[in-house]
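Structure at a glance
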Amino acid sequence: MTAVTDPAAWFAARGWRVHAFQREVWSAYARGESGLIHAPTGSGKTLAAALGPMLAAEREAPGPQLLWITPMRALAADTTQGLAGVAAELGLSWRVESRTGDASSSLRARQRKALPELLVSTPESVSLLLSYADLIPQWRRLRAVVVDEWHELLGSKRGVQTELILARLRRLAPDLRIWGLSATLGNLEEALATLLGPGRSGRLVAGALTRRLEIETLIPQPVDRYPWAGHLGLPLLPRVVEQLERAASSLVFTNTRAQAERWFEALSMAAPEHAIALHHGSLDRAAREAVEQGLRAGALRAVVATSSLDLGVDFSPVEQVIQIGGPKGIARLLQRAGRSGHRPDGLSRLVCVPTHALELAEFAAAREAIEAGRIEPRRPRRLDLDVLAQHVVTLALTATLSPEALLDEVRETAAYADLGAADWQAVLDFVLRGGSALQAYPQFRRVVVNEGRLMVADATTARRHRMAVGTITADPMMRVAWLRGGSLGSVEESFIARLRPGDGFQFAGRRLTLVRVREMTAYVRAGGRSSVIPRWQGGKMPLSSELAEQLLDLLGRALGARAPAELAALQPLLQAQARGSALPRRGRCLVEWLHSREGEHLFLYPFAGRAVHEGLAALLAWRLSRQSPRSFTLSVNDYGLELLAPALPCPDETALRALLDPAGLSEQLLQSLNASELARRAFREIARVAGLVFEGYPGAAKSMRQVQASSGLIFDVLERYDPAHPLLRQARDQALEQQLEHRRLHALLSRLHAEPLDLHRIERLTPLSFPLWAERISSQLSSEDLGTRIRRMVDTLERAPAARRSA
């Protein structure tokens, strides 16, 4: 085959149109530039990034020339297949291979001897390959790195790990060109600077393509005046089935795995004539791959999925996307919508299905934000010392770097550009001897300095470290397998621990019965009466600040003549809210105070997301309890919070403003919660990443209880004997930020403290306060069905319209 040298000619031969942003990328690469490509999903970013390195390749030179880093294993397989086809058509005699945790032992052995010309891999696998000294001469031949879905890595510890990888590769191959790909991102300049490292310039290429997007919301009839979360989803099932009938193939996205299991069962029963499949991250890999192949082949009418199918696997046959539940984020909704019509100039069709009435407004706000081009930023992380400690051990395995050379290299990343001498010395001290508190234990002396170079002299330490490379942490998973063989997937150990043999549960789209548990495997048989579904801890999605602001803007003009269709349907609810209190609006925080038989209730509606509201509720309760001793019951959702106590003073604006003062937030927030336990939980993840806790060998993994005990013991030792240890400081900071979104909470308090408050004394629950009441009673023990209790309360409220009285 004749070698191709002109990408435009290659496009023309296939009848494809070259977009301007693709030409810009090819020209920039030819000039030796690096950069970031930002363009809609399905617009041709992969070929824009790949053709430059592939056409400029040294065709006769063996060894790696292009490294493609991707965040997902499934995406790696799809990308490898696509790029292998492109290489063949270009006349390149390249080995195009992937390297992930799923790689076979034979492939691993072959790549240890000779890396392929084009390697598609994940951050964890690339980091592992960088730990081998004999591969260093091969890495020096590398010409280009492409980081796919950079927006998914940015803002996570995996993104920090990727930054460290790129710094290492730049040292080995100084002329390396680095390109990132992103589809939905609001802080492009910051993302580019983080990708390339401080002091390096690059080209930001924004594809001037606007994907055609058609958004439809299924509006229930009638819309509740007193909504409560969850109950509107499945009643819309017949209309969702109608939507499936309109398209040859659909992706049905849910926000949680448990919700995916529930909807898969419901759709399978409602439309048994259609081929419908289930896909989420806890299912067995073979099952997920079979579903992905079915989508590619057009053999499935619908797939119910979570974020496991959010990213750019090319499923061109998909005609529409159905989103179950509020999107919580603008970028997330755009990303999912882009899975349909996944090709240049394709039409993306999105159908939105609310699970409670207020999500109608959420969908309308998201559509307005998309039309205005408003997308959330992803803020990069800084100074994660656990990731740095792991990286130091990884590179010490090569025995090629001095501490000084490694420090210079690490500071070439945005994540560690401000790394101080004290923190660097603390990390070195930690990997060399475990720090002052752990120096008596030989297992923590993982690295030595020999002739000025960092090295790992102990073979057991080397083997254990290579098995634990990576920053993905979660509760230990327990495999779910058939009694007679075959795996279904995995669920969190804490869920199985609550079951006894004979108990039933629903998983992988099946009703199952637990038979026995042995060696981290739950053996099951088909059938079971219970429909209980595992609840995975990773299923929490915060409401983004950008979507919240758009939602408040929308509600502030909700009673206007030009309200969108979703708000037109919400008019009975909105009018009831306006009569009983007021509508929330941007620039004034709505506050309600209610006296009832339960006690006295304080409702606030900052629209800042559940995690921020949890921290704010705890803080307010603590500050009020300091004024006089009292007990509180707290309830939160994405839109607001409730404080219930036997007695509360009816607040005025001055008293409320004092409660909302951001001064002393960090200290008081830690005092208002069990700060030590929060830090202890965060330390479990940090201990795993930093290598303090070994989770066991394959087939002999430690139980959750063993991991918790090990990390908890180390936490106690450090807290007692080395309280200034940097990993303890990181644990406290991480607890505040990840579990309570400290920065967002501080920004919220600063805003609420400064802006006017819209304070109302209400006579009974309003449409906004009702969901908080329903959230609270759902956790109370009662022999009466929750739906019955809620319907009785709704009947009471609707028989007596609320009389509005401002405080």
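Definitions and cut-offs
- Counting of residues starts from 1 at the beginning of each chain's written sequence and follows it residue by residue.
- The predicted origin of the model limits local features to residues at a pLDDT of at least 70 and limits the giving and counting of side-chain atom pairs to 80 or more, whereas totals for whole chains, interfaces and linings rest on all residues.
- Values reported for side chains reflect all heavy atoms of the structure, with hydrogen atoms and water molecules removed beforehand.
- Only DSSP runs of H or I covering at least 4 residues are called helices, and only runs of E covering at least 2 are called strands; the numbering of each starts at the N terminus.
- Only protein chains enter the accessibility calculation, which uses a 1.4 Å probe; a residue is then buried when its area is under 20% of its type maximum, exposed when over 50%, and partly exposed in between.
- What makes a nonpolar core is a set of buried Ala, Val, Leu, Ile, Met, Phe, Trp, Tyr and Cys residues whose side-chain atoms join them at distances within 4.5 Å.
- It only takes one pair of heavy atoms within 4.5 Å for two residues to be counted as in contact.
- Here pLDDT means the predictor's own confidence in every residue, given as a number from 0 to 100.
- Two strands pair under a simple rule: DSSP has to find at least two bridges between them.
- To get an axis, a line is fitted to the C-alpha atoms, and for a helix only the part in contact is used. The angle between two axes follows their N-to-C directions and goes from 0 to 180 degrees.
- Geometry of aromatic contacts follows a simple scheme: Phe, Tyr and Trp rings, the Trp one being its six-membered ring, pair when their centres are within 6.5 Å, and the pair is stacked under 30 degrees between planes, edge-to-face over 60, tilted otherwise.
- We call a crossing left-handed when the near helix sits turned anticlockwise from the far one by less than a right angle, and right-handed when that turn is clockwise.
- Charged means Asp, Glu, Lys or Arg here, nonpolar means Ala, Val, Leu, Ile, Met, Phe, Trp, Tyr, Cys or Pro, and polar covers whatever is left, Gly included.

Topic: unusual backbone geometry
- Its identity as a non-glycine residue notwithstanding, Ala399 has a phi of 50°, on the positive side.
- Structurally, Ala399 can be placed in the loop between helix H16 (385-396) and helix H17 (403-410).
- Even without being glycine, Phe607 reaches a positive phi, approximately 55°.
- Here Phe607 shows up in the loop between strand E22 (599-605) and helix H25 (610-627).
- Take Phe607: its relative accessible area is 4%, and that puts it in the buried class.

Digging into the nonpolar core
- By size, the foremost hydrophobic cluster in this structure holds 59 residues, and its most contacted members are Leu251, Val303, Leu567, Leu570, Leu574 and Phe607.
- Considering each element in turn, this core owes the most residues, 9 residues, to helix H15 (residues 358-371).
- Setting aside residues no more than four positions away along its own chain, Leu570 makes contact with Val223, Ala357, Leu360 and Ala361.

Focus on the confidence of the model for the chain
- Mean pLDDT for the chain: 85, with 87% of residues reaching 70 or above.
- Every residue in residues 802-807 scores below 50 in pLDDT, and together they form 20 contacts with partners more than four places removed in sequence or on other chains.

Quick notes on the sheet that holds strand E3 (residues 96-99)
- Spatially, the 7 strands line up as an open sheet ordered E3-E4-E2-E5-E6-E1-E7, and their pairing is parallel. At either margin of the open sheet sits one strand with a lone partner, and together these are E3 and strand E7 (203-206). Between one strand axis and the next, the sheet turns through 15° on average, direction left out of account.
- Across 4 bridges, strand E5 (residues 144-147) lies against strand E6 (residues 177-182) in parallel orientation. Looking at E6, one finds that Val145 is bridged to Ile178.
- Here helix H2 (residues 20-30) sits on the sheet in contact with strand E1 (35-38), E5, E6 and E7, set at roughly 160° to E7.

Some points on the sheet that holds strand E19 (residues 510-518)
- One open sheet holds the 5 strands; their spatial order is E17-E16-E20-E19-E18, and the pairing between them is mixed. Of all the strands in the sheet, just strand E17 (487-492) and strand E18 (504-507) have a single pairing partner and so form its edges. Each strand of the sheet is rotated relative to its neighbour by a mean of 40°, with strand direction disregarded.
- For E18 and E19, the ladder comprises 4 bridges, and the chain directions are antiparallel. Bridged to Gln506 within E19 is Arg511.

What about the packing of aromatic side chains?
- Counted under the stated rule, the structure contains 5 aromatic pairs.
- For the pair Phe11 and Trp26, a centre-to-centre distance of 5.5 Å together with 70° between the ring planes defines the contact as edge-to-face. You can see Phe11 sitting in helix H1 (residues 7-13) and its partner Trp26 sitting in helix H2, a full 15 residues away along the chain. With respect to burial, Phe11 and Trp26 carry one shared label: buried.

Concerning the packing of helix H27 (residues 665-672) against helix H31 (residues 742-754)
- The interhelical angle for the contact between H27 and H31, taken along N-to-C directions, is 115°, at an axis separation of 11 Å. For the element pair H27 and H31, the recorded crossing hand is right-handed. Listed contacts from H31 to Leu665, Ser666 and Leu669 of H27 are His742, Leu745, His746 and Leu749.
- In the contact of H27 with H31, the residues fall into 4 nonpolar, 3 polar and no charged.

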